[in-house]
Amino acid sequence: MRIGQYEFKNRIFLAPMAGVTDQPFRRLCSQLGAGLTFSEMMSTNPDVWHTEKSKLRLAHHREIGINAVQIAGADPIEMAEAAKVNVSYGAEIIDINMGCPAKKVNKKMAGSALLREPDLVADILNTVVNAVDVPVTLKIRTGWDLENRNCVEIAQIAEQAGIQALTLHGRTRSCLFNGEAEYESIKAVKNAVSIPIIANGDITSAEKAKFVLDYTGADAVMIGRGAYGRPWIFKEVNDFLENGYYAILPTEEKCRFMLRHIQDLHQFYGEEKGYRIARKHVGWYIENLAPNSTFKRAFNALESTKAQLNALESFVEDLLD
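Residues numbered from 1 in each chain as written. Predicted model: local features only at pLDDT ≥ 70, side-chain atom pairs only at ≥ 80, totals over all residues. Heavy atoms only, no water.

Q: Quick one: what's the story with the UniProt feature "active site" (unreviewed entry) in the chain, residue by residue and with numbers?
A: UniProt records the feature "active site" (unreviewed entry) for C100 in the present numbering. By the element assignment, C100 lies in the loop between β6 (93-98) and α4 (103-106). When its relative accessible area of 15% is taken as the criterion, C100 is described as buried. (UniProt positions renumbered as here; feature names shortened; annotations may be inferred. Helix = DSSP H or I, 4+ residues; strand = E, 2+ residues; numbered from the N terminus. Buried < 20%, exposed > 50% of the residue type's maximum accessible area, 1.4 Å probe, protein only.)

Q: A description of the side chain of S39 should follow, citing residues and the corresponding values.
A: Here S39 lies in strand β4 (residues 36-43). The class of S39 is buried, set by a relative accessible area of 1%. At a separation of 3.3 Å, a polar atom in the side chain of S39 contacts the main-chain amide nitrogen of Q70. (Polar contact = N/O pair within 3.5 Å; in protein donor to acceptor, adjacent residues only side chain to side chain.)

Q: If you had to explain the packing of aromatic side chains to someone new, which residues and values would you point to?
A: As enumerated under the stated definition, the model contains nine aromatic pairs in all. Ring centres of F211 and Y215 lie 5.7 Å apart, and the angle between their planes is 15°; on these two criteria the pair is classed as stacked. Here the residue F211 and the residue Y215 both occupy positions in helix α8 (residues 206-216), the gap between them amounting to four residues, near one helical turn. The class for F211 is partly exposed, based on a relative accessible area of 42%. On the basis of an interplanar angle of 85° and a centroid distance of 5.9 Å, the ring pair of F240 and Y246 is categorised as edge-to-face. Look at Y246 and you get partly exposed, because its relative accessible area is 22%. Feature note: the residues Y183, F211 and Y215 constitute an aromatic cluster, connected by ring pairs. The positively charged end of K187 is found above the aromatic ring belonging to Y215, 4.8 Å away from the centroid. Sitting over the face of the ring of F257, R256 holds its NZ or CZ atom 4.9 Å from the ring centroid. (Phe/Tyr/Trp six-rings, centres within 6.5 Å; stacked < 30°, edge-to-face > 60°. Lys NZ or Arg CZ within 6 Å of the ring centre and 35° of its normal.)

Q: Before we move on, could you go through the sheet that holds β6 and cite the residues and values that matter?
A: Strand order in the closed barrel formed by eight strands is β3-β4-β5-β6-β7-β8-β9-β10, with parallel pairing between adjacent strands. Neighbour-to-neighbour, the strand axes of this sheet turn through a mean angle of 30°, independent of strand direction. Note that strand β5 (residues 68-72) and β6 share four bridges and pair parallel. Residue Q70 lies in a different strand from β6, and its bridge partner there is D95. Seen against the sheet, helix α3 (residues 76-88) touches β4, β5 and β6 and runs at an angle of roughly 155° to β5. Helix α6 (residues 151-161) rests against β7 (136-141) and β8 (165-169) of the sheet, and its axis sits at about 170° to β7. (Pairing = 2+ DSSP bridges. Axes fitted to C-alpha atoms, helices over the stretch in contact; angles between N-to-C directions. Contact = heavy atoms within 4.5 Å.)

Q: Explain the pattern of salt bridges to me, using residue names and the numbers behind them.
A: One pass over the full model with this rule turns up twelve salt bridges. The partner of D239 in a salt bridge is K235, and the shortest N-O contact between them spans 3.1 Å. One end of the pair is D239 and the other is K235, both in helix α9 (residues 233-243) and four residues apart, which spans about a single turn. Relative accessible area serves as the criterion here: at 19%, D239 is assigned to the buried category. Judged by its relative accessible area of 34%, K235 is partly exposed. The partner of R256 in a salt bridge is E253, with the nearest N and O atoms 3.4 Å apart. A residue pair is termed a helical-turn pair when its members lie 3 or 4 positions apart in one helix, as R256 and E253 do in helix α10 (residues 251-269) at three residues. Each of R171, D202 and R225 takes part in a single network of salt bridges with overlapping partners. (Salt bridge = Lys/Arg side-chain N within 4 Å of Asp/Glu carboxyl O.)

Q: How would you summarise the environment of A18 if you had to cite specific residues and measurements?
A: Residue position: A18 is located in the loop between β3 (12-14) and α1 (23-31). Placed 21 residues apart in sequence, A18 and S39 show a C-alpha to C-alpha distance of 8.3 Å.

Q: With reference to specific residues and values, describe a negative patch on the surface.
A: Judged by side-chain charge, D75, E78, E117, D119, D123 and E153 come together as a negatively charged surface patch. With respect to the helices and strands, E153 occurs in helix α6. (Patch = residues over 30% accessible without salt bridge, like charges linked within 9 Å, V, L, I, M, F, W, Y side chains within 5 Å. Areas by Shrake-Rupley, 256 points an atom, 1.4 Å probe, with all protein chains shown as cover. Lys, Arg positive; Asp, Glu negative; His and termini not counted. Charge placed at Lys NZ, Arg CZ, Asp CG, Glu CD.)

Q: Describe the pairing of strand β10 (residues 220-223), and please don't skip the residues or the numbers.
A: In β10, alternate side chains face the same way, and those of A220 and M222 on one face and V221 and I223 on the other are all buried. Summarising the sheet, β3 and β10 pair through three bridges and their orientation is parallel. If you follow L14 over to β10, its bridge partner there is I223. In this structure, strand β9 (residues 197-200) lies alongside β10, joined through three bridges in parallel fashion. By the bridge assignment, A199 is partnered in β10 with V221. In terms of handedness, the path from β9 via α8 over to β10 forms a crossover that is right-handed. (Right-handed = clockwise from strand over helix to strand, strands pointing away.)

Q: I'd like a rundown of the packing of α3 against helix α5 (residues 118-131), residues and numbers included.
A: Axis separation between α3 and α5 bottoms out at 8 Å; the angle between their running directions is 30°. Accordingly, the angle class assigned to the pair α3 and α5 is roughly parallel. Crossing of α3 against α5: the hand is right-handed. Across from P76, I77, M79, A80, A83 and K84 in α3, the residues of α5 making contact are L120, D123, I124, T127, V128 and A131. Here the residues of the contact of α3 with α5 sort into nine nonpolar, one polar and two charged. (Parallel < 35°, antiparallel > 145°, perpendicular 65-115°, else oblique. Left-handed = near helix turned anticlockwise from the far one by under 90°. Nonpolar A, V, L, I, M, F, W, Y, C, P; charged D, E, K, R; others polar.)

Here it is as structure tokens:
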């Protein structure tokens, strides 16, 4: 699997997800087998480019591999400037978000709202591609709603603009995250263009990843919510694709990854922010490791690094006993 001049160790990618794919999580997923990871979505508003929050979102580590940064906006010139700023900060791939279904993004005509404006899509893509000398990729949905699926048209516009790879989440904007992903739409796009296609949506197991790759003919799969509290899913998918089987990681090993992740979160964000950000990740881990446990509620009441880490270590000891 290649994007521009970059070749990846496999074709299993981590989706860009606001509030989730920060440096600690991307680093862990990469160590567990993700071939490419994307940063959280960055705004094209220049007022926020140099804020502490933006710097944290853009923070990268050499162990993660290629530095892929996603940007979102609706103005072609602002998008191009944002792309150039991010490249100057070290971005090696720029990904354009035209798939986010969030109202606060769509009301600014960004994210999936752009799918209703193919001419503007073409203007944005051409302007950004011509502004930077790194590969530019695009992430979209199948359309605005079920009556207006235009992913094939948008994919063809993207190819003509010089987009190096296209990720397609198999839902319309109106579907949000409900229902099942439309893999037939991904297959149609793959058959309509020659650029690499990355399939996204409902990939929650190694078996599902193989099915999606086989059915759609996509060049890669992108895992989003399926990695919540399960960063080892990348190892499972990679082993299954390579060998036809995968081993279930022992609970002890899963707990070790959880502890490492939360320790890294605290170190990365510091005492002020770390304990708050750790809560959602621990909640996802607990849902996978001990779904009927009451630990999550007690953990969410803790307000210090030391208290959280001590509680997690005690939880792990009890779980393994």
